[in-house]
Amino acid sequence: MYHPNAFGLILASLSLLNPVVGKPTLGQTPQMGWNSWNTFKSNINASVVETTVQLFEDLGLKDAGYEYILLDEGWSDYSRTGDGYLQPNLTSFPNGIKPLIDDIHAKGLKIGLYGDSGILTCGFRPGSWGYEERDAQTLAGWGVDYWKYDNCGGFQAMTEPPQMRFGVMQKALELSGREIFYSVCEWGYQFPWHWGGKVGHSYRMSGDITAKFTNETGCACKTAYCLNTGYAGCSVLSIIRKMRGISQYQTPGHWLDMDMLEIGNGDMTVYQQQTHFAFWAALKSPLIIGADLSKLSNESVAVLRNKDIIALNQDSMGQAVHYIESASNEGSWQVWAGQVKGGYVVLLLNEKSYPQDLSVSFVDLELDIKGPVKTTELWSHKSFGKVDGYKGVLQPYQTLVFRLQS
């Protein structure tokens, strides 16, 4: 099938075989920000964005490291301009996108927009198939910092593999003259941890998350390795389980994206929200808030601003924790562990809806630990001194996060 930009397709295929050489500057730690989709769907407008920008400051999120304001589906018009360019939805953004971008930049934040690798987006607005170079130039001209690129509306374009469709846009962004973070959103199809690192700065590893902690009915695939990864409906615990077999693929500059945070959405308890945030952070997923910031509880804000948990996510080593099967009990509790700069981190999760008396021995976790180590639990900030493990009661769905230092 002929692509309107056949030369771009050739460049993209070559880039997959010969990734760009040079010192990367974007995505050396997982990105942090806010995205409009989980709460507002396509009903996004300038007022919501302006309020969110102000709340970044008021709630201390900017100081905590969150920097991207991401406008998902709904920012663009249902048609291109007469000469084929993307244009904003002027009903929702009456002053256009460029002035909004300038204002966000003036406040020390960055902005991202949403597009699609098919003919149409998920909401039937113009996709970028056949317009990749033109759209990349448009983004660069507006001053966009981040491009989330989805997998809906492919039709004819879906006859091309995702490596090709997403690779064409990668090359177009590289040639745009502006550094633009590239977030690949193709729902984990065709196992992108084997190729996504040559295409995007981050790439989704699963179907969409839902604001449920334990609901398993809507997620087609219970592991990472399924041909049908599902479009939507994956719970927090489902996505954590999927990462068991692929966490080792996390690499600075190319992050597996576990999808947006549902903290502040749904009816999760504080312990469930802490578990959600701890695993996204320790597994080195992007930390993208998906809630209405104007409605966040103090407890949810405290979870999102926990500097010690954020530090795990932004650790310069960029190594994700891994599942310790020998120390875990399927369906009852989970133990994960890994290395961070200056020590180690251990997560102990009670997967039951009732309290459990759990224990973990640090010397049995496939880490280079021979005896007692200085131990701090990062949610309570409690120091245990030098110990070789932990034993105590965990509340329903609670996760304790231990920072270990020799």
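Please read these numbers as outputs of a predicted model, since none were measured by experiment.

What counts as what
- Residues numbered from 1 in each chain as written.
- Predicted model: local features only at pLDDT ≥ 70, side-chain atom pairs only at ≥ 80, totals over all residues.
- Heavy atoms only, no water.
- UniProt positions renumbered as here; feature names shortened; annotations may be inferred.
- Helix = DSSP H or I, 4+ residues; strand = E, 2+ residues; numbered from the N terminus.
- Axes fitted to C-alpha atoms, helices over the stretch in contact; angles between N-to-C directions.
- Parallel < 35°, antiparallel > 145°, perpendicular 65-115°, else oblique.
- Left-handed = near helix turned anticlockwise from the far one by under 90°.
- Contact = heavy atoms within 4.5 Å.
- Nonpolar A, V, L, I, M, F, W, Y, C, P; charged D, E, K, R; others polar.
- Pairing = 2+ DSSP bridges.

Our next topic: the UniProt feature "domain: Alpha galactosidase C-terminal" (unreviewed entry) in the protein chain. In the numbering used here, UniProt assigns the feature "domain: Alpha galactosidase C-terminal" (unreviewed entry) to residues 330-404. What you have in residues 330-404 is 0% helix and 60% strand, and the ends, taken at the C-alpha atoms, are 25 Å apart.

At a closest axis distance of 8 Å, the pairing of helix 6 (residues 132-142) and helix 7 (residues 162-174) adopts a crossing angle of 45°. When the axis of helix 6 is compared with that of helix 7, the two are oblique. Between helix 6 and helix 7 lies a crossing of right-handed hand. Residue-level inspection shows Glu-132, Glu-133, Ala-136 and Leu-139 of helix 6 in contact with helix 7, the latter providing Val-168, Met-169, Ala-172 and Leu-173. Each residue belonging to the contact of helix 6 with helix 7 can be placed in one class, and the counts come to 6 nonpolar, no polar and 2 charged.

The backbone of Phe-124 sits at a positive phi, close to 65°, despite the residue not being glycine. Within the secondary structure, Phe-124 sits in the loop between strand 3 (110-116) and helix 6. Positive phi is not limited to glycine here, since Lys-284 has a value of about 65°. Here Lys-284 lies in the loop between helix 9 (270-282) and strand 8 (287-289).

Of the pairings in the sheet, the one linking strand 13 (residues 373-377) to strand 14 (residues 382-387) comprises 5 bridges and is antiparallel in character. Bridging across to strand 14, Lys-374 finds its partner in Lys-386. Connecting the antiparallel pair strand 13 and strand 14 is a turn made up of 4 residues, with His-381 showing a positive phi of about 65°.

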